[in-house]
Amino acid sequence: ANQQRNEEMEQAMNRLKQEHSAELARVKAEVMSSVNNSQSEELRKMNAAHQMEVAQVKNEMRAAAAKEWNEKMEKMAQGHQFQMEALKKDLTSNYEAKMKQMQKQANDNLGREVGRATQAMKNEHLKEIESLKR
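Rules used throughout
- Residues numbered from 1 in each chain as written.
- Predicted model: local features only at pLDDT ≥ 70, side-chain atom pairs only at ≥ 80, totals over all residues.
- Heavy atoms only, no water.
- Helix = DSSP H or I, 4+ residues; strand = E, 2+ residues; numbered from the N terminus.
- Rg over C-alpha atoms; globule rule 2.2 N^0.38 Å.
- Buried < 20%, exposed > 50% of the residue type's maximum accessible area, 1.4 Å probe, protein only.
- Areas by Shrake-Rupley, 256 points an atom, 1.4 Å probe, with all protein chains shown as cover.
- Lys, Arg positive; Asp, Glu negative; His and termini not counted.
- Charge placed at Lys NZ, Arg CZ, Asp CG, Glu CD.
- Salt bridge = Lys/Arg side-chain N within 4 Å of Asp/Glu carboxyl O.

Moving on, we get to the overall build of the protein. Check the secondary structure of the protein and you find 1 helix and 0 strands. Over its C-alpha atoms the protein spans a radius of gyration of 56 Å, topping by over 25% the 14 Å that the globule rule assigns to 134 residues. Principal-axis analysis of the C-alpha atoms gives the protein an extent of 190 × 20 × 10 Å. Classification of the 134 residues of the protein by burial places 0% in the buried group. Split by element, the accessible area of the protein, about 12,800 Å² in all, is 57% carbon and sulfur. Charged side chains of the protein number 23 positive and 21 negative; the gap between the two group centres comes to 13 Å.

In structure tokens form, the structure reads like this:
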């Protein structure tokens, strides 16, 4: 009877161990599911926050790049304007110098032509006077 009682006790213990193991497995599964759901939610939230940060950084980078591009374009435009003004000044100066040179040549040529014409008239006049004297 003692042996039967020990067997019954052992069977009851084994059954309790199995039930306990099953209950532990069920609780463990529930806890893991809860943890996984919690972790999934946290990961989803972290991912959403990360996506927002990435979008913000992209926008800031685009804005900075656009600002830098605009500043460079402005500097280039100012540089071109300065170069155009310098070129205009140089061309104006060259034009004025060339015009003065051409006016001087024209005046010199006119002076020579007037001098030649005057000399020719004097010579003609002298010839007429000589012819009248004879």
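There's more to say after this.
The subject of this paragraph is the pattern of salt bridges. Enumeration over the complete set of coordinates arrives at 7 salt bridges. The salt bridge involving Glu 113 is made with Arg 116; its shortest N-O contact spans 2.6 Å. Taken as a pair, Glu 113 and Arg 116 lie in helix H1 (residues 2–133) at a separation of 3 residues, close to a single helical turn. Where Glu 130 meets Lys 133, a salt bridge forms, and the shortest distance between an N and an O atom there is 4.0 Å. You can see Glu 130 and its partner Lys 133 sitting in helix H1, 3 residues apart, about one turn around the helix. Owing to a relative accessible area of 40%, Glu 130 belongs among the partly exposed residues under this scheme. Lys 133 gets classed as exposed once you look at its relative accessible area, which sits at 62%. Here the salt bridges do not stand alone but share partners, grouping Glu 23, Arg 26 and Glu 30 into one network.

Glancing now at the environment of Met 99. Along the chain, Met 99 falls in helix H1. Residue classification places Met 99 among the partly exposed residues on the basis of a relative accessible area of 32%. Expressed as a C-alpha distance, the spacing of Met 99 and Ala 64, which sit 35 residues apart in the sequence, is 51 Å.

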